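In case you want the letters, here they are:
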Amino acid sequence: MMTTETNVVPGTDSSVRDVLDKAQACYDGTRDRLSNHAHRAADATQNYVKENPWQVLGGAAVAGFLIGFLLSRR
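Residues numbered from 1 in each chain as written. Predicted model: local features only at pLDDT ≥ 70, side-chain atom pairs only at ≥ 80, totals over all residues. Heavy atoms only, no water.

To continue, consider the overall build of the chain. Within the chain one finds 2 helices and 0 strands. The proportion of buried residues among the 74 residues of the chain is 1%. Here the chain displays about 7000 Å² of accessible surface, and carbon together with sulfur accounts for 63% of that area. (Helix = DSSP H or I, 4+ residues; strand = E, 2+ residues; numbered from the N terminus. Buried < 20%, exposed > 50% of the residue type's maximum accessible area, 1.4 Å probe, protein only. Areas by Shrake-Rupley, 256 points an atom, 1.4 Å probe, with all protein chains shown as cover.)

Here it is, written out as structure tokens:
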């Protein structure tokens with residue numbers, strides 16, 4: 001008769017599983033919070049661009065000019 005017991009130390013399987021479950025719950029909560037924050041930031045950005053298209057265009061042009069200027073000085 002062969003046993004397939006994988007626990008070397010009795011009781012460690014449940015404690016490891018508990019730690020993994022807590023880590024998964026923490027990961028899920030963090031992922032959800034970051035996802036919600038990213039969606040709010042994207043919505044705010046989209047609203048700002050819709051309300052102020054010329055300021056955004058001007059800012060992008062200035063940023064492009066500065067990047068081009070700095071890269072051309074190499």
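What follows is about the packing of aromatic side chains. Enumeration according to the criterion identifies 1 aromatic pair in this entry. Between Phe65 and Phe69, the ring centres sit 6.4 Å apart and the planes meet at 15°, which makes this aromatic pair stacked. With Phe65 and Phe69 both in helix H2 (residues 53-72), this residue pair falls 4 residues apart, about one helical turn. For Phe65, a relative accessible area of 58% gives the class exposed. (Phe/Tyr/Trp six-rings, centres within 6.5 Å; stacked < 30°, edge-to-face > 60°.)

With that settled, consider the pattern of salt bridges. All chains considered together, the criterion is met by 2 salt bridges. With its nearest N and O atoms 3.5 Å apart, the salt bridge here joins Arg31 to Asp28. One end of the pair, Arg31, and the other, Asp28, are both in helix H1 (residues 12-51), 3 residues apart, so they sit about a helical turn from each other. Arg31 gets classed as partly exposed once you look at its relative accessible area, which sits at 41%. Asp28 gets classed as partly exposed once you look at its relative accessible area, which sits at 24%. Across the pair Asp32 and Arg31 runs a salt bridge, and its minimum N-O distance is 3.8 Å. Residue classification places Asp32 among the partly exposed residues on the basis of a relative accessible area of 40%. (Salt bridge = Lys/Arg side-chain N within 4 Å of Asp/Glu carboxyl O.)

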